Amino acid sequence: MAFAHRGILQQIHNQTQRPITLDRRLVRCLAKGKQTGKKKLTLTEKLRSNNAAPHLDMFEAPKPQSDDSGEPSTSGSGLPDRGLVAAVGSARNSNIVKVTWRRLLKELSSLPRAIAIMALIAGLSGLGTIIPQNKPLEYYIANYPAEGPHKVLGFLSYDVITALQLDHIYSADYFYLSMALLAASLTACTYTRQWPAVKVAQRWRFLTQPSSLTRQGRTEVLPNARICDLGALLLRRGYQVFLRGDSLYAFKGLAGKLGPIGVHAALLLCLLGTSWSGFGSLKGAVMCPEGQDFQVSSFLHPGSPLATMPEAASNVMHVNRFLIDYRPDGSVAQFYSDLSLTDPRDGSELLRKTISVNDPFRYKGVTMYQTDWSLSAVTLRVLGQDAPLARAAEAAAAAASTGEDTPAAAAAAAERTAFNLPMASLEGRPGVAGRLWATFLPLGKAAPDGSAPRGISILARDPQSVVFYDASGQFVGVRRPGSGKPITVEGLQLVVEDVVGATGLEIKSDPGVPVVYAGFGGLMVTTLVSYLSHSQVWALQQGSNLFVSGRTNRAKLEFETELDAILDQVPELRPAASEAVEGAEAETGGGMSRVAGTNASSNSAAGEVTAAASME
């Protein structure tokens, strides 16, 4: 073989007429692995092996040769070739890029750095739950003053919040940057660690020496056993078995190696959905009284220039009814809004649904949540003694009692109508605690000096009761809407017919929500898959002895129990004729003897088996 290699090299030398320097890697390749066990020598080791002291001339560039005239020669190999110099520079630059890329991957795939990035994201998310998000500037000025004793934590003021983007943390630049770093870390870890581990697990690793089996883990020696019987038992246990000559390799649970990759992919999907929600979502809020309608697109505001208005936002939403369900103690149990989505072109109803808290309205990418409520108006009837409506009502009642049905009576009954007074919220005003709505019923024209006219003040905290105050501000009484019981205020008899409510809806169009849901679903599944054990079994047949070794990455006690059960089921063969005398006594002992050989070679293990059989 060596002569053949030298012949090949001599042919190459004859064709090129150039000296050939043999690379150690090429020689090992041509020698088919004869020197694979040797370590690659460094420059220092090469010099020491040749017993030559290093000189600086060895590291210097070749000097140009001179002719007899003393001038440098421009021919031959004295000057370096420009193409060679360019190739060396290109290779050097390429090497720098490769080294930089490897260092970057190493830094990104670092587990401590990934944990630090996740801790940063968790901290920012927690801070976003403490500080109210996406509020008007007036809210932060009122609740986080810059001066005075009410300064939060002594340093947190509205100017700090706005400067650090703490009023919209989830759409801040540093929040997106931290998510991008986490995505890069997960990708680098998958590329440099998880995927190579899967590739290694997919290889069929056949071992040909008993010493190689002992390095894999626990090793057992089965005398008088066949490797094919072991393979059949492993197949029944769900292993994938591969045979090559006298070697066996089996594994199962490869999905457990793919599980971490699935976990990383699911996390990347969650990060992608979160980013998509931040850049492509539209949000808005509306307070609409019952009986009114609004166009959905008028209240949707894009989160970024990349967001696009969905087609369903061009439709019109009509509020049919707003209801509040109360408990027996008077507290609010649930809010209900009867909504109808209509097509503005022909007025046809596209979808009607009664929504409540945690039961939103969804239609083609547009979602509406029940988040708030308000009082928009109070409906009253005036039955005062001097009121024209009261006289018309009395005439209508008299006509109805006498059975008179005249046009005048019908006209009088038609005049007996109710009217609405709009209500305004007083929440947040000085001296007002909680939610409060009020309206004013004037009793005359305003004074020439501009002072407020006399009138009746009407207040309500919820749709269940209405409070009346006279012109002097004195409390008069309370009436329940729909009771029909009148109340006299400033000479007028008032009946509260109804309190008109308004529903508060939060409108959202978020294309990233399905992606986030898919990511979390995949995260739950892949997390369970990653807990599956990846088990491997090796076996080597040497004569009548069968060497078996195995290992697993999880549930090691369960794996050892399973392997013991498999080895106990391997049938024992009748010994050869040369071992009939020694094996007869072993057979009478009943069962197949098995000797642990974790650090034994094939000859020593066979000797132990024979010794154990003779002792029995």
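Basis of the calculations
Residues numbered from 1 in each chain as written. Predicted model: local features only at pLDDT ≥ 70, side-chain atom pairs only at ≥ 80, totals over all residues. Heavy atoms only, no water. UniProt positions renumbered as here; feature names shortened; annotations may be inferred. Phe/Tyr/Trp six-rings, centres within 6.5 Å; stacked < 30°, edge-to-face > 60°. Buried < 20%, exposed > 50% of the residue type's maximum accessible area, 1.4 Å probe, protein only. Lys NZ or Arg CZ within 6 Å of the ring centre and 35° of its normal. Pairing = 2+ DSSP bridges. Helix = DSSP H or I, 4+ residues; strand = E, 2+ residues; numbered from the N terminus. Expected span 1.5 Å × (residues − 1). Bend = angle between axes of the 7 residues up to and from the residue. Salt bridge = Lys/Arg side-chain N within 4 Å of Asp/Glu carboxyl O. Axes fitted to C-alpha atoms, helices over the stretch in contact; angles between N-to-C directions. Parallel < 35°, antiparallel > 145°, perpendicular 65-115°, else oblique. Left-handed = near helix turned anticlockwise from the far one by under 90°. Contact = heavy atoms within 4.5 Å. Nonpolar A, V, L, I, M, F, W, Y, C, P; charged D, E, K, R; others polar. Patch = residues over 30% accessible without salt bridge, like charges linked within 9 Å, V, L, I, M, F, W, Y side chains within 5 Å. Areas by Shrake-Rupley, 256 points an atom, 1.4 Å probe, with all protein chains shown as cover.

Per an unreviewed UniProt entry, the protein carries the name ResB-like domain-containing protein and comes from Astrephomene gubernaculifera. According to the UniProt record, the Subcellular location (unreviewed entry) comment for the protein is "Membrane".

Student: What is the right way to read the packing of aromatic side chains from this model?
Tutor: In this description, an aromatic ring pair is defined by two values, namely the gap between the centres and the angle between the planes. Going through the model one piece at a time under the given rule, you end up with 12 aromatic pairs. Each ring, one from Tyr170 and one from Phe175, has its centre 5.7 Å from the other, and the planes form 90 degrees; the classification is edge-to-face. Its relative accessible area of 5% is what places Phe175 among the buried residues. When the centroid spacing of 5.9 Å and the interplanar angle of 35 degrees are considered together, the rings of Tyr249 and Phe251 count as tilted. Accessibility expressed as a relative area gives 4% for Phe251, which makes it buried. Each residue in the set Phe242, Tyr249, Phe251 and Trp538 is aromatic and connected to the rest through ring pairs, giving one cluster. Sitting over the face of the ring of Trp373, Arg435 holds its NZ or CZ atom 4.9 Å from the ring centroid. Lying over the aromatic face of Tyr531, Arg554 brings its terminal NZ or CZ to 5.9 Å of the ring centre.

Student: What's the story with the pairing of strand E14 (residues 437-442) in this structure? I'm lost.
Tutor: Consecutive side chains of a regular strand alternate in pointing toward one face of the sheet and then the other. Relative to E14, strand E13 (residues 424-425) runs antiparallel, the two being bridged by two bridges. From the neighbouring strand, Ala424 faces E14, where its bridge partner is Ala438.

Student: Can you help me understand helix H8 (residues 173-202) in this one?
Tutor: Helical periodicity: at 3.6 residues per turn, an α-helix aligns residues three or four positions apart in one direction. Along its 30 residues, H8 runs 42 Å from first to last C-alpha, staying within 8% of the 44 Å computed at 1.5 Å per residue. In the structure, H8 departs most strongly from a straight axis at Thr190, where the bend amounts to approximately 45 degrees.

Student: What should I look at first to understand the pattern of salt bridges in this one?
Tutor: A side chain with one charge may pair with a side chain of the opposite charge, provided their charged atoms come close. Tallied over the full model, the rule gives 13 salt bridges. Across the pair Arg381 and Glu497 runs a salt bridge, and its minimum N-O distance is 2.1 Å. Highlighted residues: Arg381 in strand E11 (residues 366-382) and Glu497 in strand E19 (residues 492-509), separated in sequence by 116 residues. The partly exposed category is assigned to Glu497, whose relative accessible area is 31%. In this structure, Arg454 and Glu490 form a salt bridge, with 2.8 Å as the shortest nitrogen-oxygen distance. With Arg454 in the loop between E14 and strand E15 (455-462) and Glu490 in the loop between strand E18 (487-489) and E19, this pair connects stretches of sequence that are 36 residues apart.

Student: What exactly am I supposed to notice about the packing of H8 against helix H11 (residues 255-280) here?
Tutor: Each pair of packed helices can be summarised by the angle the axes make with each other and by the distance between the axes. Between H8 and H11, whose axes approach to 9 Å, the crossing angle comes to 160 degrees. It follows that H8 is roughly antiparallel to H11 by the angle criterion. Viewed along their axes, H8 and H11 form a crossing whose handedness is left-handed. Touching Tyr176, Met179, Leu182, Ala183, Leu186, Thr187, Cys189, Thr190, Gln194, Trp195, Val198 and Ala201 of H8 are Lys257, Leu258, Pro260, Ile261, His264, Leu267, Leu268, Leu271, Thr274, Ser275, Gly278 and Phe279, all from H11. Here the contact of H8 with H11 is composed, by residue class, of 16 nonpolar, seven polar and one charged.

Student: Can you walk me through the side chain of Thr342 in this structure?
Tutor: Considering the arrangement of structural elements, one finds Thr342 in strand E8 (residues 332-342). Not counting residues up to four positions away in its chain, the partners in contact with Thr342 are Asn315, Val316, Gly347, Ser348, Glu349 and Leu350.

Student: Is there a simple way to explain a nonpolar patch on the surface in this structure?
Tutor: A contiguous nonpolar patch, built from Trp101, Leu104 and Tyr191 and spanning about 360 Å² of accessible area, is present on the exposed surface. Turning to its location among the elements, Trp101 is positioned in helix H4 (residues 82-108). Taking the relative accessible area as the measure of exposure, Trp101 reaches 47% and is therefore partly exposed.

Student: In this structure, what is going on with the environment of Ser331? I would like to understand it.
Tutor: Examined against the element boundaries, Ser331 turns out to sit in the loop between strand E7 (316-326) and E8. Owing to a relative accessible area of 26%, Ser331 belongs among the partly exposed residues under this scheme. Excluding residues within four positions of it along the chain, Ser331 makes contact with Asp325 and Tyr326.

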